[in-house]
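Structural features, examined
Residue strings, one per chain:
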Amino acid sequence: MAACLLGVSFISSANRQTQLALDIDVANRGPEIGNLHYGIFFEEINHAGDGGLYAELIRNRSFEDNESSPEAWSKIGNPEWKIISDGLINDIQTKALELTAAQSDQGIANSGFWGINTVNGQSYALRSEEHTSELQSRETIS
């Protein structure tokens, strides 16, 4: 039986050649804003903040969306799993998925954001970090 911790980032190489320019005219002050208007507003529509503002295909890749069950993740076969916050891969990570698979055909799958859109001919990189009591490894799959 093997137990491992998993952290995943899935990065699309699309639009790497896109260049953006932002011009700011500090001489033009812009509209007046009232003294009672303060704060910040961000409307989360269709995962625009999580999965939309950056090229993210894996949903809940850091296992932080639900304390009791890894949201957007499902079991393949019947492995044991639990979300943990101790013994992690680095100091920045706050949660991980501990997965115990008794057979080689057991694992996990991610539903992405309404699926995981892939484009024929497009390159993708999957980076995962896992460790067991016997082994720590970093893998890149292209």
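Here is what the cut-offs are and how they apply
- Residues numbered from 1 in each chain as written.
- Predicted model: local features only at pLDDT ≥ 70, side-chain atom pairs only at ≥ 80, totals over all residues.
- Heavy atoms only, no water.
- pLDDT = per-residue confidence, 0-100.
- Helix = DSSP H or I, 4+ residues; strand = E, 2+ residues; numbered from the N terminus.
- Core = buried A, V, L, I, M, F, W, Y, C linked by side-chain atoms within 4.5 Å.
- Buried < 20%, exposed > 50% of the residue type's maximum accessible area, 1.4 Å probe, protein only.
- Contact = heavy atoms within 4.5 Å.
- Polar contact = N/O pair within 3.5 Å; in protein donor to acceptor, adjacent residues only side chain to side chain.
- Salt bridge = Lys/Arg side-chain N within 4 Å of Asp/Glu carboxyl O.

Predicted coordinates in regions of low pLDDT should not be interpreted in detail. When pLDDT is averaged across the protein, the result is 77; 73% of the residues are at 70 or more. The least confident element of the protein, judged by mean pLDDT, is strand 1 (residues 2-12) at 44; the most confident is strand 2 (residues 73-76) at 94.

Looking now at the nonpolar core. Core analysis: the biggest nonpolar cluster contains seven residues, these being I58, F63, W73, I83, L97, L99 and I108. The contact partners of I83, leaving out residues within four places of it in the chain, are F63, N66, E67, S68, S69, P70, K95, A96 and L97.

Turning to the environment of E32, a few remarks are in order. For E32, the location among the structural elements is in the loop between strand 1 and strand 2. Within the local environment of E32, its side chain forms a polar contact with the side chain of R29, the two groups lying 2.5 Å apart.

Our next topic: the side chain of Q106. Mapped onto the elements of the fold, Q106 is located in the loop between strand 4 (96-101) and strand 5 (107-110). A polar side-chain atom of Q106 sits 2.8 Å from the main-chain amide nitrogen of A102. Q106 has contacts with I76, G77, N78, P79, T100 and A101, leaving out every residue within four places of it along the chain.

The next thing to look at is the pattern of salt bridges. Under the definition given, this model contains four salt bridges. Of the charged contacts in the structure, one is a salt bridge between E71 and R59, with a shortest N-O distance of 3.0 Å. With E71 in the loop between strand 1 and strand 2 and R59 in the loop between strand 1 and strand 2, this pair connects stretches of sequence that are 12 residues apart. According to the relative accessible area criterion, E71 is partly exposed, its value standing at 31%. K82 serves as the salt-bridge partner of E98, at 3.7 Å between the closest nitrogen and oxygen. Here the residue E98 occupies a position in strand 4, and K82 occupies one in strand 3 (residues 80-84), the gap between them amounting to 16 residues.

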